[in-house]
Every structure is written in structure tokens, then in C-alpha cells.
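Each chain is listed here by its residues.
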Amino acid sequence: MSDDSAGREQDLSRLLVEERVFQPPPDFAAGAVVADPSVYERAQADPEAFWAEMAEQLDWYEKWEEVLRWDPPHAEWFVGGKLNACYNCVDRHVHNGRRNQAAIIWEGEAGERRTLTYWDLYRETNKLANALKSLGVAKGDRVAIYMPMIPELPIAMLACARIGAIHSVIFGGFSSEALRDRILDAGAKMLITADGGYRRGQIIPLKHDADYALRETPSIEHVIIVERGRFPLRIVSGRDHWYHRLLQEAESYCEPEPMDAEDILYTLYTSGTTGQPKGIVHTTGGYMTGVLATLRWIFDLKDDDVYWCTADIGWVTGHSYIVYAPLAAGATMLMYEGAPDWPERDRFWQIVEEHGVTIFYTAPTAIRAFMKWGNQYPQAHDLSSLRLLGTVGEPINPEAWMWYYEHIGRERCPVVDTWWQTETGMILLTTLPGIDYMRPSYAGHPFPGVSAEVLNEAGEPAASGYLAITRPWPAMLRTIYNDPERYVEQYWTKWDKATYFTSDGAKREEDGYFGLLGRVDDVLNVSGHRIGTMEVESALVDHEAVAEAAVVGVADEVKGQAIAAFVTVKEGNEPTPELSEQLRSHVVDKIGAIARPQSVMFAGDLPKTRSGKIMRRLLRDIAQGQVLGDVTTLADASVVEELKRRYEEQEDG
Ligand code: WTA
């Protein structure tokens with residue numbers, strides 16, 4: 001076969017895969033939590049009644065008077081209702097027969113294991129809540145959390161929720177500067193951290209890093225430190241407290257604070273199109289209703305499941321689908337501290353086998369890495385306990401979908417591709433595994449009670465365009481912390497103020513299935529992590545040698561996207577490989593390792609349009625090697641001019 005026909009053959013098989021649909025396995029469908037397709041019509045006919053029914057799955061101190069108050073773009077859900085998220089995640093299970101059931105099965109990277117029953121979780125959460133109070137944290141205060149993936153992380157979140165304090169978890173992979181900025185924006189009074197955590201056998205010295213941030217965060221009065229590994233650190237007396245000592249002294253019961261349905265549960269910072277991350281605000285009643293309902297239905301959650309979501313709790317997936325939804329459901333969930341390839345590339349499959357994981361939820365980036373590592377790793381393990389697989393975070397290509405379905409699910413497990421965002425709080429597009437067929441690389445359609453459309457620039461329905469959400473949903477963000485105008489501007493002005501703009505491109509097929517096409521704004525998705533190009537650009541420009549910087553995303557086989565940076569240097573600086581290395585580490589210091597540019601290219605000038613906008617498409621093509629073999633010629637102004645002219649012609653035409 002010639003290369004050419006082999007290539008065509010491959011393209012053809014790719015197409016075929018996309019057109020293939022998979023029915024739910026009959027035995028799965030027969031026992032599914034949702035087995036009756038009429039749920040869609042029922043919910044569509046009266047979404048508020050549907051969500052009210054879902055809210056009944058929670059325990060309320062006081063019932064709501066009104067399901068939804070919608071003054072676009074501001075929604076209030078379950079108006080007048082009172083509840084406590086921690087009570088719903090812990091106390092009610094202790095009272096209702098799950099006291100000795102495992103809530104969290106934890107595995108450390110080095111192989112340590114801990115199992116916390118609901119009763120253990122109850123005791124520890126109550127004590128920590130009392131400790132927070134004794135250090136002056138009250139309802140409405142903000143608490144920053146910067147921790148590794150250990151059980152004390154969900155415990156810290158729940159303890160905040162118990163007393164009505166607002167937590168703001170900062171992913172442990174963020175740098176001290178990123179931590180500082182988020183603490184400052186939140187005005188946090190307390191920081192809960194750990195001496196360190198493990199990643200690929202290395203120690204991540206969280207408290208040590210946090211100390212840099214704490215020099216410039218005057219709002220922080222106290223720091224609580226969990227001892228994870230007896231890592232060396234400095235204690236500031238009066239300010240810093242050991243978690244285990246506080247708990248020894250704390251009273252064992254703390255009355256949960258009855259919170260208004262619309263009281264803030266947490267803020268979580270995420271990247272947007274400016275250099276400044278946005279503090280997404282989630283409230284209590286609607287959020288808890290939305291995450292619990294979606295978890296139960298989409299993941300087909302049953303009493304004897306062992307549920308594992310591999311995300312880090314520092315991201316929204318961990319907030320919603322490791323902490324709040326599984327615990328509110330009284331599930332047994334697995335939590336793993338470390339990396340998938342530590343000590344070997346079969347670590348995840350070893351965990352699935354040893355703990356009998358039944359539901360497994362991960363990201364396309366991880367799936368593509370597993371694919372690349374080879375089938376021998378999953379093949380070496382008994383994965384027969386698995387019965388449902390999920391993915392989230394980025395569009396999944398058909399090849400990765402098929403690999404997941406065949407090699408992990410062994411063609412027995414439905415795969416749910418779940419589309420959502422930090423802002424949406426809960427999954428909005430997917431399939432229900434017992435009733436909907438699956439279509440590789442299509443997320444599916446709106447969850448019952450949710451309405452979505454693909455709209456063109458003018459706001460008319462189109463086969464391909466922008467994904468819009470056309471009705472409020474309970475777990476929707478309520479605002480951006482400290483920036484209510486940006487909330488309106490960012491999400492509710494593209495069309496009318498009752499239509500939510502997702503910033504994602506999408507297509508819709510005749511069967512109603514939505515296919516996601518990636519972000520349409522300057523937000524990159526690197527290994528499923530959201531990173532704003534402006535944030536990386538600001539980090540680069542912050543370096544003394546840099547005059548101007550532009551950052552684009554380039555396609556990457558495993559990560560989805562990788563970061564390519566273009567930089568012009570200030571007079572008197574030489575564009576050397578050493579400087580390029582320095583700039584890459586500078587970004588790591590400013591943001592964290594997740595934002596490290598894969599390449600830094602120096603340019604005499606950044607190509608701009610006549611109106612002064614950086615020509616990102618040109619830069620992207622250059623970075624992907626599509627227009628210039630030898631990128632060093634970018635320093636040659638005449639070459640850049642020539643390219644600009646060609647791109648402008650294309651764009652005009
Ligand atoms: C992308 C993560 C395609 C999308 C929960 C969205 C997806 C952004 C999917 C939000 C999916 C998430 N298919 N794309 N199933 N899930 N995305 O806020 O671009 O970290 O806007 O939330 O991830 O990322 P975030």
C-alpha cells in the first residue's frame with residue numbers, strides 16, 4: 001500500500017468511527033438508575049418541577065418558597081430554603097445507616113492506605129469546624145485551601161461548609177504568586193495547607209511555598225498545617241498551627257449552620273481572557289441539587305459502587321464530583337494522591353483492580369497518555385469490576401474514545417462524555433447511560449431540565465457555531481467574586497441577557513447530539529487545565545528582558561494543546577537559548593508548572609494587523625511548523641512582513 005492510500009484508509013476509518021453509535025449494553029440498561037426515556041419530556045415540560053423534585057434528595061432545614069427567581073442574568077434557586085452542605089454530605093449518612101460505610105478510600109502515592117467511614121468523616125469534620133471557629137473563622141469569612149490530594153482536603157472543605165465559611169481551594173500545582181493573588185482577591189482570613197505532598201516521588205513543599213505568598217497577604221490571620229510527611233518547615237508562632245494538635249483539643253460536635261440556599265458555598269478561580277483569574281461564585285441549594293442529581297443519573301450510582309474520579313480537587317471536577325456530589329449521595333469514593341505513571345504506568349489499573357472500582361471518571365488527556373503507553377498496562381490487570389466510564393475536560397477524539405471503550409471498558413461499559421465548566425458547576429451535556437446511545441466524540445445532549453443550543457453570531461440556531469445555554473440551571477455560577485460587571489459582560493451579553501455564552505464552539509447533528517469543538521476565546525486547554533493566554537503573556541512580560549509576548553496553543557497529541565510563546569526582547573538583551581529557558585521557568589514561578597511554555601520563539605516584531613491586533617492564527621501556524629520550516633527566520637523582519645501580507649490577503653478574501 002502506498003503511503004497515500006494508507007493515509008486515506010486511516011481517514012476513512014476515522015470517519016467511520018465518528019459515525020458509529022453504541023447502544024447501552026442490555027444488562028446495564030435493564031438495571032440502570034434511569035431506565036425510562038420519558039424523563040426528558042417530563043423535565044422539559046416543567047423544568048422547575050423537575051428541579052424541585054431533584055432538590056428533594058437533599059435534607060433541608062426549611063423548604064423553599066419559590067423554585068426559581070429569574071431576573072436575567074441573575075438567578076436565585078430554591079428561594080427561602082435553608083440547608084447545610086456538610087450536613088448533607090456527612091451527618092445524614094451517619095444517622096441513616098451508613099455510619100460504618102467507607103466514605104473515602106484513600107491511596108497515597110507511596111502505597112499507604114486509609115479508609116474513612118462516614119463516622120470518621122463526621123468526627124473529623126466536626127472537630128476541624130470547631131477548630132476553625134476557635135481561631136475566629138465565622139460565617140461568610142473566606143478560607144483559602146492549598147493542599148495535596150489527602151483526605152484532609154475534603155475534610156477542610158466540609159468543615160468550612162459546616163460553619164458557613166466560604167472556601168477557596170487553590171490547586172496545589174499553582175505557584176506561590178498565583179496563591180497570593182487568589183488569597184488577596186478572596187480576602188481570605190485563614191489558609192489551610194500541608195507540610196507537603198508527593199508527586200512522582202518528589203516532595204512538593206506546599207507550606208514552604210505558601211510562606212512566600214503569606215509575606216504579602218495581610219488578611220491571613222491563621223494558618224493550619226496538616227502533617228503529611230514530616231517535611232521540614234518553619235512555624236510562625238501565633239499564626240501557624242498543626243492540624244493534629246488543634247483536633248486533639250477540639251470539641252467533638254459542632255452544630256451545622258443553617259445556610260440560605262443562596263448563601264455562597266465556595267469560590268473557585270478559573271482562567272478567562274484577561275490576565276486576572278475569575279473567582280467563580282457557587283451558592284448552596286442549587287449547586288448541591290445540580291451536582292447530586294447529575295452524579296446519580298449520569299454515573300448510574302448505586303449503593304455498592306466504588307466510584308473514582310481521577311481529577312485533582314483543586315479543579316471544579318474535584319469540587320463537584322469528588323467531594324460534594326459523591327458525599328451527598330453517601331457513596332464510597334476512591335481518592336488517589338499521585339501520578340498515573342508512578343511507580344509504573346499501570347498504577348491506575350492496579351488501583352482499579354485492588355479496590356474493585358466500578359465507576360471510573362477521567363480526562364481525555366489521561367486516556368491519550370494511556371493509549372500511547374500501550375495496551376500491556378491495562379491488560380495486565382483484572383478490570384472486570386468496572387461498569388461505567390466517564391470523561392471530562394476536553395473534546396475526546398474518536399480514537400481515544402474507542403480505545404477507552406475497548407481497552408478499559410472491554411466493550412461492556414457505557415462511556416459518558418460529560419461537557420461542563422467551572423461556571424456551570426454541574427454537567428450540562430452528556431448521555432444517560434441506560435437509555436441513550438453513545439456517539440464517539442459527541443458529548444450527547446442536555447441533561448433533563450437543561451436547555452442548550454448551537455447559535456451563530458446573530459443568535460440564530462445553526463448546525464455549527466457557539467454553544468449556548470438557554471435556560472438557567474440550578475448549579476450555575478451566580479457571579480464573579482468582586483466583579484459583578486464582569487459576570488454580566490462575560491457570559492450574558494453575546495446575544496441577550498438570558499442566554500449564557502459558553503465560549504465553546506459546537507456543532508449539532510440531526511439526532512440532536514452536540515459535538516464540542518474547543519474554546520473560541522483566548523483560553524487554552526492544556527491537559528484538561530484551563531489557562532488564559534493573557535495570564536501567560538503577563539507572566540512573560542513581567543520578565544525584565546521581555547518587551548512584548550504573545551502566546552498561542554498548538555495541537556498536541558497527548559495534552560490536547562501545548563503552549564507556544566513568541567517574545568520580543570528589550571534593547572540590550574540577546575535572544576539566547578538560556579534566556580528562552582529562563583523565561584519558561586519564569587512562567588512556572590508566576591503561575592505554576594502547568595503553564596510552562598513548550599517553546600519560546602524570539603521575534604524581531606510580533607506580527608500585527610493594521611488595527612494593531614496580534615495575528616494569532618499566523619503565530620499558531622508558525623508554531624505548528626505550517627508556514628516556516630526554520631523558525632529562526634522569524635527574527636528576519638522581511639519574512640514576517642511577507643507572511644503578514646499573505647495572511648491579511650487570506651483574511652480579507
Ligand atoms: C472544555 C472542566 C469537550 C470546554 C469541567 C469547557 C470539554 C472547558 C468537555 C471548561 C467535554 C470540558 N468535551 N470539551 N466533555 N468538558 N470541556 O472550567 O472547552 O476547567 O469550556 O471545567 O473545558 O473547563 P473547566
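Residues numbered from 1 in each chain as written. Predicted model: local features only at pLDDT ≥ 70, side-chain atom pairs only at ≥ 80, totals over all residues. Heavy atoms only, no water.

## A short note on the overall build of the protein chain
Part 1 of the argument: Of regular secondary structure, the protein chain possesses 21 helices and 32 strands.
Part 2 of the argument: Taken against the 2.2 N^0.38 rule, which gives 26 Å for 653 residues, the C-alpha radius of gyration of the protein chain at 25 Å falls within 12% of a compact globule.
Part 3 of the argument: Judged by the C-alpha coordinates and their principal axes, the protein chain covers about 75 × 60 × 55 Å.
Part 4 of the argument: Here the protein chain holds 653 residues, and the buried ones make up 60% of them.
Part 5 of the argument: Long-range pairs, those at least 24 residues apart, make up 72% of the contacts in the protein chain with a sequence separation of at least 6.
Part 6 of the argument: Entry remark: accessible area of the protein chain is about 25100 Å², with carbon and sulfur atoms responsible for 47%. (Helix = DSSP H or I, 4+ residues; strand = E, 2+ residues; numbered from the N terminus. Rg over C-alpha atoms; globule rule 2.2 N^0.38 Å. Buried < 20%, exposed > 50% of the residue type's maximum accessible area, 1.4 Å probe, protein only. Contact = heavy atoms within 4.5 Å. Areas by Shrake-Rupley, 256 points an atom, 1.4 Å probe, with all protein chains shown as cover.)

## Observations regarding the pairing of strand 14 (residues 264–270)
Part 1 of the argument: Strand 14 sits mainly inside the fold: six of its seven residues count as buried.
Part 2 of the argument: The pairing of strand 7 (residues 166–169) with strand 14 spans two bridges and is parallel. Within strand 14, the residue paired with His-167 across the bridge is Tyr-266.
Part 3 of the argument: In this sheet, strand 15 (residues 278–283) lies alongside strand 14 in antiparallel orientation, the contact comprising six bridges. For Leu-268, the partnering residue across the bridge sits in strand 15 and is Ile-280. (Pairing = 2+ DSSP bridges.)

## A few points about the site of the ligand
Part 1 of the argument: In the vicinity of the ligand lie 17 residues, with Asp-417, Thr-418, Thr-422, Asp-504 and Arg-530 positioned nearest.
Part 2 of the argument: Within the side chain of Arg-530, one N or O atom sits 2.8 Å away from an oxygen atom of the ligand.
Part 3 of the argument: In isolation the ligand has 530 Å² of accessible area, and contact with the protein removes 97% of it.
Part 4 of the argument: Taken together, the elements giving at least two residues each to the shell around the ligand come down to helix 12 (316–328), strand 20 (415–418) and strand 27 (514–519).
Part 5 of the argument: Of the residues that constitute the shell around the ligand, the class distribution is six nonpolar, six polar and five charged. (Near = heavy atom within 4 Å. Polar contact = N/O pair within 3.5 Å; in protein donor to acceptor, adjacent residues only side chain to side chain. Nonpolar A, V, L, I, M, F, W, Y, C, P; charged D, E, K, R; others polar.)

## Regarding the pattern of salt bridges
Part 1 of the argument: Applying the stated criterion to the full structure yields 39 salt bridges.
Part 2 of the argument: One salt bridge in this structure joins Arg-347 and Glu-107, with 2.8 Å as the shortest N-O distance. In this pair, Arg-347 is assigned in helix 13 (residues 347–355) and Glu-107 in strand 4 (residues 102–107), connecting sequence segments 240 residues apart.
Part 3 of the argument: The buried category is assigned to Glu-107, whose relative accessible area is 3%.
Part 4 of the argument: Arg-368 is the salt-bridge partner of Glu-394, the closest N and O atoms lying 2.6 Å from each other. Remark: Arg-368 occurs in helix 14 (residues 364–373) and Glu-394 occurs in the loop between strand 19 (388–392) and helix 16 (398–408); sequence separation between them is 26 residues.
Part 5 of the argument: Since its relative accessible area comes to 9%, Glu-394 is described here as buried.
Part 6 of the argument: A single network of salt bridges, built from pairs that share partners, joins Glu-177, Arg-180, Asp-181, Glu-216, Asp-542 and Lys-590. (Salt bridge = Lys/Arg side-chain N within 4 Å of Asp/Glu carboxyl O.)

## Some remarks on the packing of helix 11 (residues 285–298) against helix 12
Part 1 of the argument: Look at helix 11 against helix 12: their axes get within 9 Å of each other, and the N-to-C directions meet at 85°. Between helix 11 and helix 12, the angle is such that the two are roughly perpendicular. Residue-level inspection shows Tyr-287, Met-288, Val-291, Leu-292, Thr-294 and Leu-295 of helix 11 in contact with helix 12, the latter providing His-319, Ser-320, Tyr-321, Tyr-324, Ala-325, Pro-326 and Ala-328.
Part 2 of the argument: Its residues placed into classes, the contact of helix 11 with helix 12 shows 10 nonpolar, three polar and no charged. (Axes fitted to C-alpha atoms, helices over the stretch in contact; angles between N-to-C directions. Parallel < 35°, antiparallel > 145°, perpendicular 65-115°, else oblique.)

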